[in-house]
Number of protein chains: 2
Amino acid sequence: MGVTCTLKHCGNKTYYCNVELTLQVIGGKWKPIIMYRLGDGGTLRFSEVKRSIPNISQKMLTQQLRELEADGVVHREVHPQVPPRVDYSLTELGKSVMPVIESLSRWGRRYEDWANRQDSGHEARGAASAVL
Amino acid sequence: MGVTCTLKHCGNKTYYCNVELTLQVIGGKWKPIIMYRLGDGGTLRFSEVKRSIPNISQKMLTQQLRELEADGVVHREVHPQVPPRVDYSLTELGKSVMPVIESLSRWGRRYEDWANRQDSGHEARGAASAVL
DNA sequence: CGGTCCGGTATCTTTTTGGTGACTATGGCA
DNA sequence: TGCCATAGTCACCAAAAAGATACCGGACCG
């Protein structure tokens with residue numbers, strides 16, 4: 001009771017609750033990290049973002065950045081030069097997701113702590129309070 | 001700079017940043033809604049959760065609930081009856097993700113507003129302020 | 001005897017997501 | 001002349017996630 005679960009639409013997206021909407025925009029394997037980097041670094045060019053995220057393939061980075069752009073959270077600026085130069089930055093809307101990302105990050109740390117306590121509680125009798 | 005991007009482990013999970021960890025626990029298509037329902041309803045039995053989420057298949061609900069249980073955010077209690085009765089509720093750790101989910105939800109509403117403004121700005125000249 | 005209820009499994013198919021390698025354009029440089 | 005750098009694209013493949021469907025157990029009810 002309380003929460004209805006009706007299907008809603010917003011642009012090209014379909015969702016049941018706002019949480020789902022949010023995750024469609026900033027969720028997935030790479031988007032949070034990309035936004036985190038842009039929130040941290042201000043304006044970065046493609047290769048800078050790429051370097052800051054080892055393991056991401058060029059295809060995925062391009063794809064995710066384009067989606068973020070399409071969703072209005074990232075600004076893409078092409079400088080018609082050779083070799084090409086493309087700058088990425090957060091839009092105002094994009095900046096507004098930073099607190100959300102921080103909220104996710106804080107809980108991640110909390111979970112990490114919790115999981116480590118579980119481990120040591122179950123087995124380790126040495127290595128007491130060492131949070132290395 | 002600032003943020004390193006080293007691979008970390010936590011139990012069975014592999015991640016680069018805490019945001020990713022969090023999303024591995026509470027992300028995905030169904031988990032946020034499930035937790036939202038449990039946060040709202042307190043203790044619910046399987047069929048109650050299912051009814052509150054149209055469109056979820058039994059398989060997905062079982063699967064997601066089990067993962068949430070394995071990750072320590074949901075408590076599962078089996079009553080050995082016939083027909084079977086299984087109750088689900090949030091653990092303390094689980095309750096601690098509610099603010100995160102609310103944060104996601106709030107931003108979703110914000111995005112919704114923004115997207116609607118985009119639409120009306122671009123086209124609609126009739127149907128002015130009608131938010132039906 | 002047959003059906004209903006509840007909370008599942010098991011199996012298969014479809015969809016989504018991620019990943020690789022090859023290819024491109026163009027100015028500058030040796 | 002030929003190669004480098006940058007930021008892509010495209011075709012293709014593999015893996016993971018999600019979905020559809022069928023089946024199960026066992027008390028109880030008629």
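The structure presented is a predicted model; accordingly, all values stated were derived computationally and were not measured. (Residues numbered from 1 in each chain as written. Chains lettered and ligands numbered in written order. Predicted model: local features only at pLDDT ≥ 70, side-chain atom pairs only at ≥ 80, totals over all residues. Heavy atoms only, no water.)

Draft legend 1. Local environment of the relation of the copies chain A and chain B. Overlaying chain A with chain B gives an RMSD of 0.1 Å, the required rotation being 180° about an axis along which the chain moves by 0.0 Å. Such a turn and shift between the copies fits a two-fold axis. When you check the interface residues of chain A against chain B, 100% turn up at the interface there too, and the contact is symmetric in its surfaces. (Least-squares fit on C-alpha atoms with pLDDT ≥ 70 in both. Contact = heavy atoms within 4.5 Å.)

Draft legend 2. Here's a closer look at the protein's contact with DNA strand D. Within the structure, DNA strand D sits among 19 residues, and A:Arg66, A:Arg76, A:Tyr88, B:Lys29 and B:Lys59 are positioned closest to it. Near the protein, within 4 Å, the atoms of DNA strand D are sugar or phosphate in 63% of cases. A:Pro84 is positioned with one of its backbone polar atoms (N or O) 2.9 Å from a sugar or linking oxygen of DNA strand D. Within the side chain of B:Lys59, an N or O atom sits 2.4 Å from a base oxygen of DNA strand D. Of all the secondary-structure elements, those providing two or more residues to the surface near DNA strand D are α3 (46-52), α4 (58-70) and β5 (85-90) of chain A together with α4 (58-70) of chain B. (Near = heavy atom within 4 Å. Polar contact = N/O pair within 3.5 Å; in protein donor to acceptor, adjacent residues only side chain to side chain. Helix = DSSP H or I, 4+ residues; strand = E, 2+ residues; numbered from the N terminus.)

Draft legend 3. How the structure looks around the packing of aromatic side chains. All names here are of chain B. One pass over the full model with this rule turns up six aromatic pairs over all chains. Ring centres of tryptophan 107 and tyrosine 111 lie 5.4 Å apart, and the angle between their planes is 25°; on these two criteria the pair is classed as stacked. Of this pair, tryptophan 107 and tyrosine 111 both sit in helix α6 (residues 98-122), separated by four residues, roughly a single helical turn. With respect to burial, tryptophan 107 and tyrosine 111 carry one shared label: buried. (Phe/Tyr/Trp six-rings, centres within 6.5 Å; stacked < 30°, edge-to-face > 60°. Buried < 20%, exposed > 50% of the residue type's maximum accessible area, 1.4 Å probe, protein only.)

Draft legend 4. Here's a closer look at the interface of chain A and chain B. In this assembly, 46 residues from chain A lie in contact with 47 residues from chain B. Interface area, chain A with chain B, both sides summed: about 4200 Å², of which 70% is carbon and sulfur. Our enumeration of links across chain A and chain B arrives at two salt bridges. For the salt bridge of B:Lys8 with A:Glu112, the shortest nitrogen-to-oxygen distance reads 3.0 Å. Across the chain A-chain B interface, the total number found is 12 residue pairs in polar contact (both at pLDDT 80 or more). Broken down by secondary-structure element, the contributors of at least two residues to the side of chain A that touches chain B are β1 (8-10), β2 (13-15), α1 (18-26), α2 (31-41) and α6 (98-122) of chain A. Broken down by element, the residue count for the side of chain A that touches chain B peaks at 13 residues, all from α6(A). (Buried area = accessible area lost by both parts, 1.4 Å probe. Salt bridge = Lys/Arg side-chain N within 4 Å of Asp/Glu carboxyl O.)

Draft legend 5. The confidence of the model for chain A, seen in detail. Model confidence for chain A is summarised by a mean pLDDT of 87, while 88% of its residues fall at 70 or above. With pLDDT under 50 throughout, residues 125-132 of chain A is counted as low confidence; its partners more than four residues away or in other chains account for one contact. (pLDDT = per-residue confidence, 0-100.)

Draft legend 6. Representation of α2(A) in the model. Among the residues making up α2(A), those that are buried are A:Lys31, A:Pro32, A:Ile33, A:Ile34, A:Met35, A:Arg37 and A:Leu38. Following α2(A) by one or two positions, A:Gly42 has its phi on the positive side, about 80°.

Draft legend 7. Focus on the pairing of β5(A). All names here are of chain A. Buried residues dominate β5, accounting for five of its six residues. Looking at chain direction, strand β3 (residues 44-45) and β5 are connected through two bridges and run antiparallel. Bridge pairing in β5 links leucine 44 to tyrosine 88. Where strand β4 (residues 74-79) meets β5, six bridges bridge the pair, whose relative direction is antiparallel. Bridge pairing in β5 links glutamate 77 to aspartate 87. The antiparallel hairpin formed by β4 and β5 contains five residues in its connecting segment. (Pairing = 2+ DSSP bridges.)

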